[in-house]
Amino acid sequence: MSWKRWLSNLDRPQAEAHPPRDVAIAVLLLECARADFDKQPAELDEIRAALRTQSGLDDAEVERLMSQATESASSAVSLHGPVSRLNSELTPDDKRALMEWMWKVAAADGRVDPHEEHLLRKVADLLYVSHADYIRAKLGAVEGRGV
């Protein structure tokens, strides 16, 4: 993190900071939307819906969380930070739900790009999600979307 960004964060009230777990989830969802090099409005809407469902936040808080996650992702060099946090804090059921949300984001624009699928497979491996659960999440997310 640059000094300028660090200093600007000192002025930010602590109430605005979201729990690291929620930020990590938002980072992975945003990375999924960005994986095909084309963030579509439908993908961002799917992320907002997932964050509202997962965290119970209102629209303004969801936007702040997405902004915090975007900032966090821009300074990260790998997925190690968010994945490590989620491995320590999520249950296997939570991880399966996250995989389904990520699939919904990937499919939101009507297609799943190979780059998105590669990211999803990588995240599933890093989160120790079994291949069977990975496929179940995929089928649950893309079923009925014509993807």
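Note that the coordinates shown come from a computational prediction; the quantities given were computed from them, not determined experimentally.

A.B. asks: For this particular structure, what's the right way to read the confidence of the model for the protein?
C.D. replies: As a note on interpretation, predicted positions should not be read in detail where pLDDT is low. Per-residue confidence for the protein averages 85 on the pLDDT scale, and 86% of its residues sit at or above 70. Confidence over residues 1–15 falls short of pLDDT 50; this stretch has seven contacts with residues more than four positions distant or in other chains.

A.B. asks: Please explain the environment of aspartate 133 as it appears in this structure.
C.D. replies: In this fold, aspartate 133 is placed in helix 8 (residues 131–142). Judged by relative accessible area, aspartate 133 falls into the buried class, the value being 12%. Considered as a pair, aspartate 133 and methionine 99 are 34 residues apart in the sequence and their alpha carbons are 8.6 Å apart. Engagement of the side chain of aspartate 133 in a polar contact is seen with the side chain of arginine 136, the distance being 2.7 Å.

A.B. asks: Please explain the nonpolar core as it appears in this structure.
C.D. replies: Inside soluble globular proteins, nonpolar side chains tend to come together where they are buried. Ranked by size, the top nonpolar core spans 42 residues in total, and within it Leu29, Ile47, Leu51, Leu98, Met99 and Met102 carry the most contacts. Mapped onto this core, the elements with two or more residues apiece are helix 2 (20–34), helix 3 (41–55), helix 4 (59–75), helix 5 (80–89), helix 6 (92–107), helix 7 (114–126) and helix 8. Not counting chain neighbours up to four residues away, the residues in contact with leucine 29 comprise Ile47, Ala50, Leu51, Leu98, Trp101, Met102 and Val105.

A.B. asks: Before we go on, may I ask you to explain the packing of helix 2 against helix 5 in this structure?
C.D. replies: If you want to describe how two helices pack, look at the angle between their axes and the distance between the axes. Between helix 2 and helix 5, the shortest axis-to-axis distance is 9 Å and the interhelical angle comes to 125°. If you check the angle between helix 2 and helix 5, you find them oblique. The handedness of the crossing between helix 2 and helix 5 is left-handed. On helix 5, the residues that touch Pro20, Arg21, Ala24, Ile25, Val27 and Leu28 of helix 2 are Pro82, Val83, Arg85, Leu86 and Glu89. Grouping the amino acids of the contact of helix 2 with helix 5 by side-chain chemistry returns eight nonpolar, no polar and three charged.

A.B. asks: Help me understand the layout of surface pockets, please; the structure alone is not making it clear to me.
C.D. replies: The probe, sized like a water molecule, is rolled over the atoms to show the empty space still left. Volume-wise, the second largest pocket comes out at about 260 Å³. Around the second largest pocket, the lining is made up of 16 residues, and of these Glu31, Arg34, Ala73, Ala76 and Leu79 lie nearest the centre. Elements that contribute at least two residues to the lining of the second largest pocket include exactly helix 2, helix 4 and helix 7. In terms of residue class, the lining of the second largest pocket is made up of nine nonpolar, three polar and four charged.

A.B. asks: Explain the pattern of salt bridges to me, please; I cannot follow it from the model alone.
C.D. replies: Side chains carrying opposite charge are able to pair once their charged atoms draw close together. Taken as a whole and assessed by the stated rule, the structure comprises 13 salt bridges. A salt bridge links lysine 138 to glutamate 117, with the nearest nitrogen and oxygen atoms 3.2 Å apart. Placement of lysine 138 in helix 8 and of glutamate 117 in helix 7 is noted, with a sequence separation of 21 residues between them. Exposure remark for lysine 138: the relative accessible area of 25% places this residue in the partly exposed category. Each of Asp93, Arg96, Asp133 and Arg136 takes part in a single network of salt bridges with overlapping partners.

Basis of the calculations
Residues numbered from 1 in each chain as written. Predicted model: local features only at pLDDT ≥ 70, side-chain atom pairs only at ≥ 80, totals over all residues. Heavy atoms only, no water. pLDDT = per-residue confidence, 0-100. Contact = heavy atoms within 4.5 Å. Helix = DSSP H or I, 4+ residues; strand = E, 2+ residues; numbered from the N terminus. Buried < 20%, exposed > 50% of the residue type's maximum accessible area, 1.4 Å probe, protein only. Polar contact = N/O pair within 3.5 Å; in protein donor to acceptor, adjacent residues only side chain to side chain. Core = buried A, V, L, I, M, F, W, Y, C linked by side-chain atoms within 4.5 Å. Axes fitted to C-alpha atoms, helices over the stretch in contact; angles between N-to-C directions. Parallel < 35°, antiparallel > 145°, perpendicular 65-115°, else oblique. Left-handed = near helix turned anticlockwise from the far one by under 90°. Nonpolar A, V, L, I, M, F, W, Y, C, P; charged D, E, K, R; others polar. 1 Å grid on protein atoms, 1.4 Å probe; cavity = no way out; pocket = protein on both sides within 12 Å on 5 of 7 lines; lining within 4 Å. Points joined across faces, edges and corners; volume = space filled by probe spheres on them. Salt bridge = Lys/Arg side-chain N within 4 Å of Asp/Glu carboxyl O.

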